[in-house]
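Summary of the model geometry
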Amino acid sequence: MRIRIEIDDQGEEEVIIKLNQIDERAGAIQQALAEVLSGRASFPFYQDEKEFFFSLKEILFFETQNKEVMAHTKDQVYQVKLRLYELEEQLPASFLRVSKSTIVNITKIHSIDRNITGASEVEFADSYKKIYVSRGYYKVLKEKMDNRRYRV
């Protein structure tokens, strides 16, 4: 697939996608564009009384700990003032619930060690942090990861 960008300062901006047939790529491209254009970039994160603002792209995963929702980046942990189900509704499609207490950013997954009898272990690139995917959520995660692969 070719990607071409043209500068036209005379009219309204538009995005045109030309495909031989409608398939899952068209929907994925449309959804990705909608997320970028909607500006869903961030909301506040907290450490003690300090408030932080940064892109959701930095988040590896969200998890509940002692009835609080925590956002994990490569090196830090921040508190979020939303419930996990509220986050699930607001986060872009690159985030997926993988257990009762965890939502993962699938773009940050480095490896998945599948365990047929129990929870599968997920590792992240450039981080020591790991999470576990409940057996009931594994299939959905695997499908999402397969759909992210680029077909050449």
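So, here's what we can say about the structure.

Conventions and cut-offs
- Residues numbered from 1 in each chain as written.
- Predicted model: local features only at pLDDT ≥ 70, side-chain atom pairs only at ≥ 80, totals over all residues.
- Heavy atoms only, no water.
- Pairing = 2+ DSSP bridges.
- Helix = DSSP H or I, 4+ residues; strand = E, 2+ residues; numbered from the N terminus.
- Axes fitted to C-alpha atoms, helices over the stretch in contact; angles between N-to-C directions.
- Contact = heavy atoms within 4.5 Å.
- Polar contact = N/O pair within 3.5 Å; in protein donor to acceptor, adjacent residues only side chain to side chain.
- 1 Å grid on protein atoms, 1.4 Å probe; cavity = no way out; pocket = protein on both sides within 12 Å on 5 of 7 lines; lining within 4 Å.
- Points joined across faces, edges and corners; volume = space filled by probe spheres on them.

Let's talk about the sheet that holds strand S8 (residues 109-113)
What the three strands build is an open sheet, ordered S8-S9-S10; its pairing is antiparallel. Of all the strands in the sheet, the pair left with one neighbour each is S8 and strand S10 (130-133). When strand polarity is set aside, the average angle formed by the axes of neighbouring strands in this sheet is 25°. Pairing of strand S9 (residues 120-124) with S10, which is carried by four bridges, proceeds in the antiparallel orientation. Looking at the pairing, Ser120 lines up with Val133 of S10. Sheet contacts for helix H3 (residues 135-148): S8, S9 and S10; angle to S8, the most-contacted strand, approximately 135°.

Considerations on the side chain of Asn105
Along the chain, the position of Asn105 falls in strand S7 (residues 102-105). Among the polar contacts made by the side chain of Asn105, one reaches the side chain of Thr107 at a distance of 2.6 Å. In this structure, Asn105 is in contact with Leu56, Lys57, Ile59, Leu60, Ser94 and Phe95, ignoring residues within four places of it in sequence.

Quick notes on the layout of surface pockets
Its volume calculated, the second largest pocket comes out at about 150 Å³. In terms of lining, the second largest pocket is formed by Thr64, Lys67, Glu68, Val69, Gln79, Val80, Lys81, Leu82, Arg83, Leu84, Tyr85 and Arg97. Those elements that place two or more of their residues in the lining of the second largest pocket are strand S4 (68-72), strand S5 (77-80) and helix H2 (84-90).

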